Structures are given as C-alpha cells and as structure tokens.
Amino acid sequence: MINEENNQQVSKWCIVSMASIPLVMTLGNSMLIPVLPIFEDKVGITSFQSSMVITSYSIAAIFLIPVAGYLSDRYGRKIVILPSLILAMIGGIIAGMASWRMADPFSWIIVGRILQGIGAAGAAPIILPLVGDLYKDDDEKTSSCLGIVETSNTFGKVLSPILGALFASFLWFLPFFSISFFSLISIVLVFFFIKVPKQKEEPPRFRTFYEKTKTIFKNDGKWLYTVFFIGIHLMLVLFGVLFFLSDIFEKQHSLYDVKKGFVLAIPLFCLCVASYITGRTIKGNLKIMKSVIMLSLIISSVSVIFVGYTSNNLILLLIITSLLGTAIGAILPTLDAMITEGIEKEERGTITSFYSSCRFIGVALGPPVISMTMNHFLNLTYMVMGIIGVFLLLLVWKCIKTDNKEQSVQ
C-alpha cells in the first residue's frame, strides 16, 4: 500500500504494529473481566470494588486522551505512543507485584490500573488519526485499514476471556503480568515498523488549535456529538453485559475458569466477525455507513432488553448476546471511519481523541452500573439501555446527513 503524498510504502508489518496497540489495550482491560469473581475471593473485595478494577483504568484514560490527542497533533504520533505503552507495561508490573507480595493489595492494584489507563490514553486512540495520516485522501484504504484495526480491537475482546481465565488458572494475578508482556511486544513492533509521515508544516499553536477545534464543533457538532453519544452507549452496554455474563455464568450455569472464558468469547467472536466484515464493506461510503449504524442500533436496542430475561437459559442467552455483539461490532468500525474521514488531518488526532474518551466513559460506567442494579433492577436497566438506543437511532436519522455528490459528513 502506497501513501502517494508521502511517497512511502505502508508495509504489512506497519499495519500489524498499529493493530497490536488496540489489541494490547483491549487485553489490558477485557482480560480481567472473567477473573473479577476470583479477585473478589482472593483479595476480599465486593462486586462493586472489583468493578473498580475496570473503571479505574477507564477513568484515567477519559481525562488524558484529549491531551494525548493534542500532543500527537503537535509533536507526532509515535512520540506519544511509545512512552504510553511503556507506562502501560509499568502499570501491569505494579498491579502484579502488589497482588503477589502484599496481604492487602487492592489499593496498589488500582494504582497500577490507573497507570495502565494513562498508557491507554496515549496509545490506542492515536492509531485512528495515524491511519488517516498514512492513507490521506484515500477513503477506501482508510476504511479498510480502520476495519483491520477495529477488528484487532474486537479480536482482543474475543481472546481476553479465554486468556484471562487461562492465566488465572495458574496464578490468579498472572493476567496483570501478562499485560506488561504484551505491551513490551507492541513497543518493539511500534519502534521498528511504524514510519510516521514527516510533517511539512509547523503544527498550530494552542490558541490556533483551540479556535479551530471550536470551529469544528460549531460546524460539525450535530453529527460529531451523535457519534460520541453512540460510542458511550455501545461501550456501556458491552462492558455492562460482559460484567453480568462473567458473574451469571458462575452463579447460575456453573461455568468456571477456561470453560467460562470460551463461552464468554462466543458473543465477542460475533462482534469481531461483524467488525471485520463491516470494515471491508463500507469503503468510505457515508450512505452505507449511516444504514449500518441505523440497522445495528435497532438490533442492539431490541436484543439488550432480553439479556436479563434469558439469563436462566444458557442457549437463549448466548443467542441474544451474540446478536448484540454482532450489532455492536458492525457499528464500531463505521464510527471510526466516519470520524477519521470527516475531519482534516491537522485536527484529526484531537477529535478522534474526544471520541475515544467517550468510549472509555462507557467502559467506566458499564460494570459499576450493572453491579449496583444486578440484584433488583437488572431488567429495568437493560430496558433503559434499549430505549436510549432508540433515541440514538433518531439522532442518527436527523443529524447525520449524506451528500449524494461528495459523500461527505455534513
């Protein structure tokens, strides 16, 4: 693949290196979901406290992602990505060592998770604008590469419950150390294989950047805010449902360890396949993107309502959650492409970082929301999620416009 403007080859190893980053960051969070009940037992914490192992990672990322986006626009993508991956590696070591050596490790686990969240803030979100930089003015290749990146992200979600359960079956805190190991692999790949295009112009100063960002939200706010809200909603639903499944598989269906991990991976596999197919199909066509989002929101809004009602029947539960995973998997690469292709290169890192922050808001909210409502208000919670999905469907219909001639986001 050639980037004509920068006259350079975008190698397969470059794509692999970029795809490794969301894979590692996804493993860093999702791998812990199936072992949260084990953490509760080993560390002596409540279900709500165990949800904080996920939420602390995400909260740290929420606030720092926009900063990382701005720094990547001003100083370069790779300069921000590498130190962030190193922080993620250090965070895993801290959480793992605390679990291994301390009698009451919970506080230090949270410290390690916050460091990992800071690392996530400066790594995974920067990949979206980097892909746009490499394939400037080629929407089809951008969409295709973003599909690969999002598939890597979702493939990480498929692997996560299996690997997390497998590692924990040897040592309950081994998943923390494994995150550091995977981060190290990604560091090596990024260092050697990602060649960032040289900036031909001086990056804007903060005041200029601020004014341009304000102008973007003034002109394109309707569709941008719609995409942001969808990102929050999807991640809240996904991580809330995963937290619920991890708990219910053990308590109602007697699924433990690696067996539980494989069953938990079924709806995530559907998410991964849908993400890959969608990324290969949309090809920068906004009409197709809008149709995919609307259809998928309908499916996700209906299916999430029945998650609680089918929890006693494992087969029905897997069918419903697989439908939900398919719908979410179809939307994610579509949103990635919509933002990356709809924003100019100079502001791309910042705008995509806002979007990534929104996704982390959903990740942070999902587990604690379900942990607090699971005993008494579970079905009502899922019903509210479905209603929100319908509201977002209306926003997409009203706020995302298509231009027959230019196929651009309005």
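From a predicted model like this one, the values you see are computed outputs, not experimental measurements. (Residues numbered from 1 in each chain as written. Predicted model: local features only at pLDDT ≥ 70, side-chain atom pairs only at ≥ 80, totals over all residues. Heavy atoms only, no water.)

Draft legend 1. Structural context of the nonpolar core. One finds Met-18, Ile-21, Met-25, Ile-230, Phe-244, Phe-249 and Tyr-382 to be the most contacted residues of the largest nonpolar core, which totals 126 residues. Ranked by residues supplied to this core, first place goes to helix α9 (residues 206-251) with 21 residues. Filtering out sequence-adjacent residues up to four positions away, Tyr-382 remains in contact with Gly-240, Val-241, Phe-244, Val-304, Ile-305, Val-307, Gly-308 and Ile-370. (Core = buried A, V, L, I, M, F, W, Y, C linked by side-chain atoms within 4.5 Å. Buried < 20%, exposed > 50% of the residue type's maximum accessible area, 1.4 Å probe, protein only. Helix = DSSP H or I, 4+ residues; strand = E, 2+ residues; numbered from the N terminus. Contact = heavy atoms within 4.5 Å.)

Draft legend 2. Just the pattern of salt bridges, in detail. For the coordinates displayed, the defined rule picks out 3 salt bridges. Across the salt bridge formed by Lys-251 and Asp-247, the nearest N and O atoms sit 3.0 Å from each other. You can see Lys-251 and its partner Asp-247 sitting in helix α9, 4 residues apart, about one turn around the helix. The partner of Glu-250 in a salt bridge is Lys-260, with the nearest N and O atoms 3.0 Å apart. With Glu-250 in helix α9 and Lys-260 in helix α10 (residues 257-282), the pair connects residues that are 10 residues apart, well separated along the chain. With relative accessibility at 1%, the residue Lys-260 sits in the buried group. (Salt bridge = Lys/Arg side-chain N within 4 Å of Asp/Glu carboxyl O.)

Draft legend 3. Main features of the packing of helix α3 (residues 47-75) against α9. It is at 13 Å that the axes of α3 and α9 come closest, and there the two elements cross at 160°. Looking at the two axes, α3 sits roughly antiparallel to α9. Regarding α3 and α9, the two cross each other, and that crossing is right-handed. Judged by residue contacts, Ser-47, Ser-50, Ser-51, Ile-54 and Tyr-70 of α3 engage Phe-206, Phe-209, Phe-239 and Phe-243 from α9. In the contact of α3 with α9, the residues fall into 6 nonpolar, 3 polar and no charged. (Axes fitted to C-alpha atoms, helices over the stretch in contact; angles between N-to-C directions. Parallel < 35°, antiparallel > 145°, perpendicular 65-115°, else oblique. Left-handed = near helix turned anticlockwise from the far one by under 90°. Nonpolar A, V, L, I, M, F, W, Y, C, P; charged D, E, K, R; others polar.)

Draft legend 4. Seen up close, a nonpolar patch on the surface. Taken together, the side chains of Ile-298, Val-302, Phe-306, Tyr-309, Phe-377, Leu-380, Met-383, Val-384, Ile-387 and Ile-388 define a hydrophobic patch exposed on the protein surface, amounting to about 930 Å² of accessible area. Every element with two or more residues in the nonpolar patch is listed here: α11 (286-305) and α14 (378-399). The greatest single-element share of the nonpolar patch, amounting to 5 residues, is contributed by α14. Here Ile-298 is to be found in helix α11. (Patch = residues over 30% accessible without salt bridge, like charges linked within 9 Å, V, L, I, M, F, W, Y side chains within 5 Å. Areas by Shrake-Rupley, 256 points an atom, 1.4 Å probe, with all protein chains shown as cover.)

Draft legend 5. Expanded view of unusual backbone geometry. Here the phi dihedral of Ser-254 falls at roughly 50°; this positive angle occurs in a residue that is not glycine. By the element assignment, Ser-254 lies in the loop between α9 and α10. Positive phi values are uncommon outside glycine, yet Asp-257 reaches one of about 55°. For Asp-257, the location among the structural elements is in helix α10.

Draft legend 6. Structural detail: the packing of aromatic side chains. Following the criterion strictly, the structure yields 14 aromatic pairs and no others. Ring centres 5.9 Å apart and planes at 55° place the aromatic pair Phe-181 and Phe-182 in the tilted group. Phe-182 gets classed as buried once you look at its relative accessible area, which sits at 18%. Through pairs of rings, three or more aromatic residues link up here, namely Phe-39, Trp-100, Trp-172, Phe-173, Phe-176 and Phe-177. The positively charged end of Lys-78 is found above the aromatic ring belonging to Phe-191, 5.8 Å away from the centroid. Taking the ring centre of Trp-100 as reference, the NZ or CZ of Arg-101 above it sits at 5.2 Å. (Phe/Tyr/Trp six-rings, centres within 6.5 Å; stacked < 30°, edge-to-face > 60°. Lys NZ or Arg CZ within 6 Å of the ring centre and 35° of its normal.)

Draft legend 7. Spatial organisation of the environment of Pro-267. You can see Pro-267 is positioned in helix α10. For Pro-267, a relative accessible area of 6% puts it in the buried group. In this structure the C-alpha to C-alpha distance between Pro-267 and Leu-324, which are 57 residues apart in sequence, comes to 7.6 Å. Residues contacting Pro-267, with those up to four places away along its chain left out, are Leu-245, Leu-318, Thr-321, Ser-322 and Gly-325.

Draft legend 8. Local environment of the packing of α10 against helix α12 (residues 314-342). With their axes 7 Å apart at the nearest point, α10 and α12 run at an angle of 30° to one another. Taken together, the axis directions place α10 and α12 in an arrangement best described as roughly parallel. Crossing handedness for the pair α10 and α12: right-handed. On α12, the residues touching Val-263, Ile-266, Pro-267, Cys-270, Leu-271, Ala-274, Ser-275, Thr-278, Gly-279 and Ile-282 of α10 are Leu-314, Leu-318, Thr-321, Ser-322, Gly-325, Thr-326, Ile-328, Gly-329, Ala-330, Pro-333, Thr-334 and Ala-337. In terms of residue class, the contact of α10 with α12 is built from 13 nonpolar, 9 polar and no charged.

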